[in-house]
Amino acid sequence: MAGFGRVFHWGPLTAITIIKWITLATIYCNTMWYPPAESIGGFLYTAVFLVFSGLTMYHFFSAMFEGPGYLPLNWKPEDSSESVLRQLQFCELCQGCKAPRAHHCRKCGRCVMKMDHHCP
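Below: a short report on this structure. (Residues numbered from 1 in each chain as written. Predicted model: local features only at pLDDT ≥ 70, side-chain atom pairs only at ≥ 80, totals over all residues. Heavy atoms only, no water.)

Concerning the overall build of the protein chain
Consideration 1: Across its full length, the protein chain holds 4 helices and 4 strands.
Consideration 2: For the protein chain, the sequential pattern of α-helices and β-strands runs α-α-α-α-β-β-β-β.
Consideration 3: Taken against the 2.2 N^0.38 rule, which gives 14 Å for 120 residues, the C-alpha radius of gyration of the protein chain at 22 Å runs more than 25% over that of a compact globule.
Consideration 4: When its C-alpha atoms are laid out on the principal axes, the protein chain stretches across 70 × 30 × 20 Å.
Consideration 5: Per-residue burial for the protein chain yields a buried fraction of 23% across its 120 residues.
Consideration 6: Contacts in the protein chain between residues at least 24 apart in sequence constitute 35% of all its contacts with a sequence separation of at least 6.
Consideration 7: For the protein chain, the centre of its 10 positive side-chain charges and the centre of its 7 negative side-chain charges are spaced 8 Å apart. (Helix = DSSP H or I, 4+ residues; strand = E, 2+ residues; numbered from the N terminus. Rg over C-alpha atoms; globule rule 2.2 N^0.38 Å. Buried < 20%, exposed > 50% of the residue type's maximum accessible area, 1.4 Å probe, protein only. Contact = heavy atoms within 4.5 Å. Lys, Arg positive; Asp, Glu negative; His and termini not counted. Charge placed at Lys NZ, Arg CZ, Asp CG, Glu CD.)

Here it is as structure tokens:
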């Protein structure tokens, strides 16, 4: 049930509405100006547009339901020799080593891999 709470919120619902509205308006205009039933070009244009619209929705939901890539608590690299551990930073809150480009997120309470675009 927690997954549905991510969808039924004003932000995702607004984004889904905008994506679907643009898709429907484009398909409507396309059928008037470049009908897919009358030419192969119109059919290909409609098909390619629908594929890209579907991929947009797929990636939107994938980003919503998959985690950002949390590091396990108390994480250490497999090769935990002294020279490797010296190159990595240590997170006091997670009590583990930080992978390269990982940062601790105050909202999530965990270290997140590649946190340059993480927004919970």
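A look at a nonpolar patch on the surface
Consideration 1: A contiguous nonpolar patch, built from Tyr28, Met32, Trp33, Tyr34 and Tyr45 and spanning about 650 Å² of accessible area, is present on the exposed surface.
Consideration 2: Examining the composition of the nonpolar patch, we find that 3 residues originate from one element, helix α2 (residues 10–33), more than from any other.
Consideration 3: Along the chain, Trp33 turns up in helix α2.
Consideration 4: According to the relative accessible area criterion, Trp33 is exposed, its value standing at 69%. (Patch = residues over 30% accessible without salt bridge, like charges linked within 9 Å, V, L, I, M, F, W, Y side chains within 5 Å. Areas by Shrake-Rupley, 256 points an atom, 1.4 Å probe, with all protein chains shown as cover. Salt bridge = Lys/Arg side-chain N within 4 Å of Asp/Glu carboxyl O.)

With respect to the nonpolar core
Consideration 1: Within the largest apolar cluster, 6 residues are counted, these being Leu71, Cys91, Cys94, Ala99, Ala102 and Cys111.
Consideration 2: Ranked by size, the runner-up nonpolar core spans 5 residues in total, among them Val7, Ile16, Ile19 and Met57. (Core = buried A, V, L, I, M, F, W, Y, C linked by side-chain atoms within 4.5 Å.)

What about unusual backbone geometry?
Consideration 1: A positive phi angle, near 55°, is found at Gln95, a position not held by glycine.
Consideration 2: Within the secondary structure layout, Gln95 lies in the loop between β1 (89–91) and β2 (96–98).
Consideration 3: Taking the relative accessible area as the measure of exposure, Gln95 reaches 40% and is therefore partly exposed.
Consideration 4: Backbone geometry places Arg101, a non-glycine residue, at a positive phi of 70°.
Consideration 5: Among the structural elements, Arg101 can be located in the loop between β2 and β3 (103–105).
Consideration 6: Arg101 gets classed as partly exposed once you look at its relative accessible area, which sits at 48%.

Notes on the environment of Cys97
Consideration 1: Relative to the assigned elements, Cys97 resides in strand β2.
Consideration 2: What makes Cys97 buried here is its relative accessible area of 7%.
Consideration 3: When the C-alpha atoms of Cys97 and Gln87 are compared, they prove to be 9.9 Å apart, with 10 residues separating the residues in sequence.

Examining the packing of α2 against helix α3 (residues 40–65)
Consideration 1: Viewed as axis vectors pointing N to C, α2 and α3 meet at an angle of 175°, and their least axial separation amounts to 11 Å. The orientation of α2 with respect to α3, classified from their angle, is roughly antiparallel. Along the contact surface, α2 presents Pro12, Ala15, Ile16, Ile19, Lys20, Ile22, Thr23, Thr26, Ile27 and Asn30, while α3 presents Gly42, Tyr45, Thr46, Phe49, Leu50, Ser53, Thr56, Met57, Phe60, Phe61 and Met64. (Axes fitted to C-alpha atoms, helices over the stretch in contact; angles between N-to-C directions. Parallel < 35°, antiparallel > 145°, perpendicular 65-115°, else oblique.)

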